[in-house]
Structure formats: structure tokens, C-alpha cells
Amino acid sequence: MNYLFPTEERNYQDEVKIKKSLNVQGYELPKLLKIYSYLAVCRRKLAQAIADCKNEMQIGEQKFSYDAAVIYANDLRATLTIYEVLVSLKEEERNSVNEITFSSNNEKLSSEYTVTTVTKPLPGVVEVAKAEYNRIRAYTADLSDMIEAAALMSRLNPAAEPAFPITANLDYIYEHFEELQSK
């Protein structure tokens, strides 16, 4: 009943609400369910083929799988940041002014003095860090190139490729579903 907008005679009329179907394309529900099940199987096959392909890759002398090579390259990049800090170490001299207060004959006296602090890296650390930084940076660049080349050269198992074009929408798959299932 609509209590917000009564008529002049105070007679209320029932509201009629019509719910529209979200299926405006006229899809048959059983066929649509089969399509979604088919798409889930296609997605699982594709995911498994990608995982198999990545695991079969043999990247570098250590013959890393794709994921292992990516993780190792990321770890090496993190290590490079540590070496960057060590390479940037240099002798530093810093002055700070300190104050001392004391009493003499009930009189407070203060005095300032300068403290010079010299920080030096351990002998040979910077040189070793520079050499190791350059070695790791070069290896990381090579490893990244090998990862990219392996990804570009890899091929998925053709059995995992869906039978429909990658740009296909639901309308296309719905119309060609029987053909797609037979492939």
C-alpha cells in the first residue's frame, strides 16, 4: 500500500512492483551454466599450462625455474641496496658543542667546549663493497635479461589454449558454444 501519496478520497491503492530480469539477452539458464562451467575448465587448463611452462624453464647456469629466477633477481636487487650504503661510506668529521656547568664558591660557572668526532669506515670495506656491488649488479642485469628471454621464447601447450578468440565476449561464446565444445 502506498501511504505516502493518498488519493483525495483517502483511498489507498496497492503498489505494483515489477521486477525485471537481469537476463536481458534472453540467455537460457541451463546453457549459460554449462558455458560458465566450460569457461572454468578452460581457465584451469590455462593456469596449469602456465605453471608447467614456468616450471620447465631452465634459466641461467643454475637452471632456475621462472619463479625461482624472479625471486632470486629480486633478492639480489635488495642486496644491492645494502652494498650501495657500504660503497657510500667515507670518512666524516663532525663537530658538536657541549656545555659544562659547575659551582665555585656558590657561584655557577659554565663553559663550552667543542668535541670533534671522526668516523672512518673499516679499512678495505669500501673497496670490497664496490667490487661486489659491480659484480652483483652485472649478474642481476644478465639474470633479468635471461628471465625476459625465457618468457618470450616459452610456448604454452596448445591443448590448453581456449577454442574461442581472446577477444570473445559472452554473446560470441553463447552463439558458438556447441562448436567450441567440439574443439
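Everything below is about the structure printed above this text.
Cut-offs used in this document
Residues numbered from 1 in each chain as written. Predicted model: local features only at pLDDT ≥ 70, side-chain atom pairs only at ≥ 80, totals over all residues. Heavy atoms only, no water. Patch = residues over 30% accessible without salt bridge, like charges linked within 9 Å, V, L, I, M, F, W, Y side chains within 5 Å. Areas by Shrake-Rupley, 256 points an atom, 1.4 Å probe, with all protein chains shown as cover. Salt bridge = Lys/Arg side-chain N within 4 Å of Asp/Glu carboxyl O. Helix = DSSP H or I, 4+ residues; strand = E, 2+ residues; numbered from the N terminus. Buried < 20%, exposed > 50% of the residue type's maximum accessible area, 1.4 Å probe, protein only. Core = buried A, V, L, I, M, F, W, Y, C linked by side-chain atoms within 4.5 Å. Contact = heavy atoms within 4.5 Å. 1 Å grid on protein atoms, 1.4 Å probe; cavity = no way out; pocket = protein on both sides within 12 Å on 5 of 7 lines; lining within 4 Å. Points joined across faces, edges and corners; volume = space filled by probe spheres on them. Nonpolar A, V, L, I, M, F, W, Y, C, P; charged D, E, K, R; others polar. Polar contact = N/O pair within 3.5 Å; in protein donor to acceptor, adjacent residues only side chain to side chain.

A. Expanded view of a nonpolar patch on the surface. A cluster of nonpolar residues, Ile-100, Phe-102, Leu-109 and Tyr-113, forms a patch on the protein surface that exposes about 350 Å² of accessible area. For the nonpolar patch, the secondary structure elements donating two or more residues are strand E1 (92-104) and strand E2 (107-119). You can see Leu-109 is positioned in strand E2. Accessibility expressed as a relative area gives 31% for Leu-109, which makes it partly exposed.

B. Spotlight on the nonpolar core. Ranked by size, the top nonpolar core spans 13 residues in total, and within it Met-57, Ile-59, Phe-64, Ala-69, Leu-143 and Ile-147 carry the most contacts. Counting only elements with at least two residues in this core, the list comes to helix H2 (66-87) and helix H3 (125-153). Each residue touching Phe-64, except ones within four places of it in the same chain, is listed here: Met-57, Gln-58, Ile-59, Ala-69, Tyr-72, Tyr-139 and Leu-143. Tyr-27, Cys-42, Phe-164 and Ile-173 belong to the second-largest nonpolar core, a separate cluster that totals 10 residues.

C. Fine view of the layout of surface pockets. For the largest pocket, the calculated volume is near 170 Å³. Every residue along the wall of the largest pocket is listed here: Tyr-38, Val-41, Cys-42, Lys-45, Ala-159, Ala-160, Glu-161, Pro-162, Ala-163, Leu-180, Gln-181 and Lys-183. Among the secondary structure elements, those contributing two or more residues to the lining of the largest pocket are helix H1 (29-56) and helix H5 (177-182). With 4 residues, the single largest contributor to the lining of the largest pocket is H1. Looking at the lining of the largest pocket, its residues break down into 8 nonpolar, 1 polar and 3 charged.

D. Representation of the side chain of Ser-65. Its place among the elements puts Ser-65 in the loop between H1 and H2. Judged by its relative accessible area of 18%, Ser-65 falls in the buried class. If sequence neighbours within four positions are ignored, Ser-65 has contacts with Lys-54, Asn-55, Met-57 and Ile-59.

E. Region of the structure containing the side chain of Lys-31. Within the secondary structure, Lys-31 sits in helix H1. Only 3.0 Å separates the side chain of Lys-31 from the backbone oxygen of Tyr-174, close enough to count as a polar contact. If sequence neighbours within four positions are ignored, Lys-31 has contacts with Tyr-174, Phe-177 and Glu-178.

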